[in-house]
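# Reading the structure
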Amino acid sequence: MFISGRGIAVSALGVALSGAVAAVECQTLDHDGTLKLNQIQVIGTHNSYHSGIAPSEQKMWEIKYPDVFRGLDYRHEPLTKQLDGGVRQIELDIFADSKGGRFAHPAGSRMVAEAQLPPDPPFDSEGVMMKPGFKVMHVQDIDYRSVCQPFTACLKEMRACSRAHPRHIPIFILVETKQKSSEGSMHLTPAEPFTTSTFDALDAEIRLSVFAQGTDHS
């Protein structure tokens, strides 16, 4: 899926279901002087939504699972700032949550209270996690804070950036579906499996909730 200055192009399922990033080699202009999609190279960010782990949880994971924590100790700016800075490839990891509330009470925050550590800032002050819809995060219970939530909010933010800068080069969006329910020896909140109906719902969120066909041209 990508957004251009003239609208959005969506694959059959509405997403590129892979976390892999393929580098596109720069080439010369075609004989007619136009630049084709496969002739550009863009800057992208990995786990673009990742806002890092809150301070008390950071201390806890650093002690309990230092090797795991080292791979999670980073954070990104909000999507708008990334795009304003020149990023043109965004990666979003999504979990299905068809009924809502599945990931509303992460184990990390409970463990902070049990360890009598200072409470971290709330991660869902507006109750978004209680509502049905695809949620954006890295690892449920452990690394669940995002610069945008839910999935549709991330897409709407990118759509607003696109409309504010007509004729920009395409913004590529990689969407990875997450279904793991364990991380090493840790048992996590069970992830909802992606079925045919789940992908239909995802397609609907992209096409109908955010990029309504025929209405998203700048």
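Residues numbered from 1 in each chain as written. Predicted model: local features only at pLDDT ≥ 70, side-chain atom pairs only at ≥ 80, totals over all residues. Heavy atoms only, no water.

## A few points about the overall build of the chain
If you tally the helices and strands in the chain, you get six helices and seven strands. Mapped in sequence order, the helices and strands of the chain form the string β-β-α-α-α-β-α-β-α-β-β-β-α. The 218 residues of the chain split such that 43% are buried. Accessible surface, the chain: about 11500 Å² in total, of which carbon and sulfur atoms supply 55%. (Helix = DSSP H or I, 4+ residues; strand = E, 2+ residues; numbered from the N terminus. Buried < 20%, exposed > 50% of the residue type's maximum accessible area, 1.4 Å probe, protein only. Areas by Shrake-Rupley, 256 points an atom, 1.4 Å probe, with all protein chains shown as cover.)

## Some words on the nonpolar core
Of all hydrophobic cores here, the largest spans 26 residues; its most connected members are Leu92, Ile94, Phe151, Leu155 and Met158. Contributions of two or more residues to this core are made by helix H3 (79–84), strand E3 (89–95), helix H5 (151–164), strand E5 (171–177) and helix H6 (196–210). At five residues, the largest contribution of residues to this core is made by H5. Judged by nonpolar contacts, the second largest core, of ten residues, contains Trp61, Leu72, Val112 and Leu188. (Core = buried A, V, L, I, M, F, W, Y, C linked by side-chain atoms within 4.5 Å.)

## Description of the pairing of E3
Among the seven residues that make up E3, seven are buried, leaving the element largely enclosed by the rest of the structure. Residues Gln89, Glu91, Asp93 and Phe95 of E3 are buried on one face, and the alternating residues Ile90, Leu92 and Ile94, pointing to the opposite face, are buried as well. The pairing of E3 with E5 spans six bridges and is classified as parallel. Residue pairing for E5: Glu91 is matched across the bridge by Leu174. Sheet topology places E3 next to strand E4 (residues 135–136); two bridges connect them, and they run antiparallel. Across the sheet, residue Ile94 finds its bridge partner in E4, namely Val136. (Pairing = 2+ DSSP bridges.)

## Thoughts on the side chain of Asp141
Assignment of secondary structure puts Asp141 in the loop between E4 and H5. Here Asp141 is buried and forms no salt bridge, its nearest opposite-charge partner Arg110 lying at an N-O distance of 5.3 Å. Excluding residues within four positions of it along the chain, Asp141 makes contact with Glu57, Trp61, His105, Pro106, Ala107, Gly108, Leu188 and Thr189. (Lys, Arg positive; Asp, Glu negative; His and termini not counted. Salt bridge = Lys/Arg side-chain N within 4 Å of Asp/Glu carboxyl O. Contact = heavy atoms within 4.5 Å.)

## A look at the state of the cysteines
Enumeration over the complete set of coordinates arrives at one disulfide. The disulfide bridge from Cys148 ends at Cys154, spanning 2.0 Å between sulfur atoms. When the S-S torsion is 100 degrees, as for the bridge of Cys148 with Cys154, the disulfide is right-handed. The same class applies to Cys148 as to Cys154, namely buried. (Disulfide = S-S within 2.5 Å.)

## Brief notes about H5
For H5, built from 14 residues, the straight-helix expectation of 20 Å at 1.5 Å per residue is met to within 8% by its first-to-last C-alpha distance of 20 Å. Along H5, the residues classified as buried are Phe151, Thr152, Cys154, Leu155, Met158, Arg159, Cys161 and Ser162. (Expected span 1.5 Å × (residues − 1).)

## Let's talk about the pattern of salt bridges
According to the stated counting rule, one finds five salt bridges in the structure shown. Ionic pairing is found between Asp97 and Lys135, a salt bridge with its closest N-O pair at 2.8 Å. Within this pair, whereas Asp97 is found in the loop between E3 and helix H4 (107–114), its partner Lys135 is found in strand E4, the two being separated by 38 residues in sequence. Lys135 carries the same exposure label as Asp97, and that label is buried.

## A look at the confidence of the model for the chain
Where the model shows low pLDDT, its predicted coordinates should not be examined in detail. Put simply, the chain has an average pLDDT of 83, and 82% of its residues get 70 or more. Of all the helices and strands in the chain, strand E2 (residues 7–9) carries the lowest mean pLDDT, 50, while E4 carries the highest, 98. Every residue in residues 9–27 is under pLDDT 50, and counting partners more than four places away or in other chains gives 38 contacts. (pLDDT = per-residue confidence, 0-100.)

## Comments concerning the packing of helix H1 (residues 55–64) against H4
Running from amino to carboxyl end, H1 crosses H4 at an angle of 85 degrees, the nearest separation of the two axes being 9 Å. By the angle between their directions, the pair H1 and H4 is classed as roughly perpendicular. Packed against H1, whose contacting residues are Ser56, Glu57, Met60, Trp61 and Lys64, the element H4 presents Gly108, Ser109, Met111 and Val112 at the interface. For the contact of H1 with H4, a count of residues per class yields four nonpolar, three polar and two charged. (Axes fitted to C-alpha atoms, helices over the stretch in contact; angles between N-to-C directions. Parallel < 35°, antiparallel > 145°, perpendicular 65-115°, else oblique. Nonpolar A, V, L, I, M, F, W, Y, C, P; charged D, E, K, R; others polar.)

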